[in-house]
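Understanding the architecture of this molecule
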Amino acid sequence: MTQDEMKQAVARAAIDYVKGGIIGVGTGSTANYFIDELSKIKGRIDGAVASSEATANRLKGHGIQVLDLNSVGSMDIYVDGADEITRHFHMIKGGGGALTREKIVAACARSFICVADQSKLVDVLGKFPLPIEVIPMARSYVARELVRMGGQPKLREGFTTDNGNVILDVHGLSILDPVALESDINQITGVVTNGLFARRGANVLLLGTENGVQTYNQP
Ligand code: 5RP
């Protein structure tokens, strides 16, 4: 099975969690496969909340109604990929730069269904550079603070988030306490949010492997 086939397999498996109502939808290639699967059962749902402009466009392209989060309140599920995930369901996200909206939509969902191929499962987070969304004028200040914390921040060149901000990708972190680090980084003035999803991690992991989709539930 290729990596793409594993992503497609977990996207299909996530459809079992769609029980109607409004669905929170993530961003990225795995989320895109999920949108393609969702379009096949779109008559069973009331619409979707998108975590990025790209996702909103893809949903609309499939004829799925995109709703404003403020008019929705809470949702049963949020389905999204990850750049890294541990067996404790802590994640790094934001490879696609949509981390802030992803975190907001996920916060409004009762269950976060993470869909990922096996390459994303890690023992310790941090090999994948940690994305941090930053207000543009605070870029240098935040970068200096991140160096003090032991990271090597690099500006994501030529990229602006849907919120008009920049991304610093932080290399060289070995994240042993993701819950604490998520809070500490968010305390730096000028940080909008960081790509650690640890305080609110995934509830279910659908992992695509050579042997099919493995399901892990948060205890
Ligand atoms: C986007 C994300 C994605 O979920 C993450 O980058 C994984 O992407 P893919 O499904 O393409 O591997 O956090 O901001």
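See the structure printed just above.
Residues numbered from 1 in each chain as written. Predicted model: local features only at pLDDT ≥ 70, side-chain atom pairs only at ≥ 80, totals over all residues. Heavy atoms only, no water.

1. What about the overall build of the protein chain?
Threshold: Every helix listed is a DSSP run of H or I at least four residues long, and every strand listed is a run of E at least two residues long, numbered separately from the N terminus. For every residue, the accessible area (1.4 Å probe, protein chains only) is compared with the maximum for its type, and the residue is labelled buried under 20%, exposed over 50%, or partly exposed between those bounds. Two residues form a contact once any of their heavy atoms are found within 4.5 Å. Only the protein chains shown count as cover for residues, and all accessible areas are computed by the Shrake-Rupley method using a 1.4 Å probe.
Tallying secondary structure elements over the protein chain gives 6 helices and 13 strands in all. Dimensions of the protein chain along its principal axes, counting C-alpha atoms only, are 50 × 40 × 30 Å. Counting across all 219 residues of the protein chain, residues that qualify as buried make up 55%. A fraction of 71% describes how many contacts in the protein chain between residues 6 or more apart in sequence connect residues 24 or more apart. Of the roughly 9,900 Å² of accessible surface on the protein chain, a fraction of 48% belongs to carbon and sulfur atoms.

2. Focus on the packing of aromatic side chains
Selection criterion: Each Phe, Tyr or Trp ring, with Trp reduced to its six-membered ring, pairs with another whose centre is within 6.5 Å; inter-plane angles below 30 degrees give stacked pairs, above 60 give edge-to-face pairs, and intermediate values give tilted ones. Only when the NZ of Lys or the CZ of Arg is both within 6 Å of the ring centre and within 35 degrees of the ring normal is a charge said to sit over the ring.
As enumerated under the stated definition, the model contains 2 aromatic pairs in all. Look at Tyr78 and Phe112: their rings are 5.1 Å apart centre to centre, the planes differ by 80°, and that puts the pair in the edge-to-face class. Of this pair, Tyr78 sits in strand β3 (residues 75-80) while Phe112 is found in strand β6 (residues 109-117), placing the two residues 34 residues apart along the sequence. Residue class for Phe112 comes out buried when judged on its relative accessible area of 0%. Judged by centre distance (6.4 Å) and plane angle (80°), the ring pair of Phe112 and Phe197 falls under edge-to-face. Here Phe112, found in strand β6, pairs with Phe197, found in strand β11 (residues 196-197); they are 85 residues apart in sequence, far enough to count as distant. One exposure class covers both Phe112 and Phe197, and it is buried. Chaining the aromatic ring pairs together yields one cluster made of Tyr78, Phe112 and Phe197. The aromatic ring of Phe197 is capped on one face by Lys103, whose charged end is 5.0 Å from the ring centroid.

3. So, the site of the ligand
Selection rule: For this purpose, a residue is taken to be near a molecule or strand whenever a single non-hydrogen atom of the residue falls within 4 Å of it. Here a polar contact is taken to be a pair of N or O atoms separated by no more than 3.5 Å, where protein atoms must pair a possible hydrogen donor with a possible acceptor and residues adjacent in sequence count only if both atoms sit in side chains.
In the region of the ligand, 17 residues are neighbours, and Ser29, Thr30, Asp83, Gly94 and Lys120 sit closest. Taking Gly81, its main chain carries an N or O atom lying 3.3 Å from an oxygen atom of the ligand. Within the contact set of the ligand, an oxygen atom lies 2.9 Å away from a side-chain nitrogen or oxygen of Lys93. Here the ligand has 370 Å² of accessible area as a free molecule, and 91% of this is covered by the chains.

4. Points about the side chain of His90
Within the secondary structure layout, His90 lies in the loop between β4 (84-85) and β5 (91-92). With a relative accessible area of 17%, His90 lands in the buried category.

5. Some words on the sheet that holds β5
The strands making up a sheet associate through backbone hydrogen bonding, with each pair oriented either parallel or antiparallel. This is how the line gets drawn: Any two strands with at least two DSSP-identified bridges between them are counted as paired.
Ordered in space as β4-β5-β11, the 3 strands form an open sheet in which the pairing is antiparallel. The open sheet has two edge strands, β4 and β11, and neither has a second partner.

6. Thoughts on a nonpolar patch on the surface
Note the threshold: Residues enter patches when they are more than 30% accessible in relative terms and free of salt bridges; like-charged ones are connected within 9 Å and nonpolar ones (Val, Leu, Ile, Met, Phe, Trp, Tyr) within 5 Å. Salt-bridge detection follows one rule: a side-chain nitrogen of Lys or Arg within 4 Å of a carboxyl oxygen of Asp or Glu.
Together, Ile135, Met137 and Val192 make up an exposed nonpolar region whose accessible area comes to about 310 Å². When you line up the elements, Met137 lands in the loop between β7 (130-134) and α5 (139-148).

7. Brief notes about the pairing of strand β13 (residues 212-217)
For a regular strand, the rule is simple: side chains alternate between the two faces of the sheet. As judged from the 6 bridges shared by strand β12 (residues 204-209) and β13, these two strands associate in the antiparallel manner. Note on β13: the bridge partner recorded for Thr209 is Gly212. Taken together, β12 and the strand that follows it, β13, pair antiparallel across an intervening segment of 2 residues.

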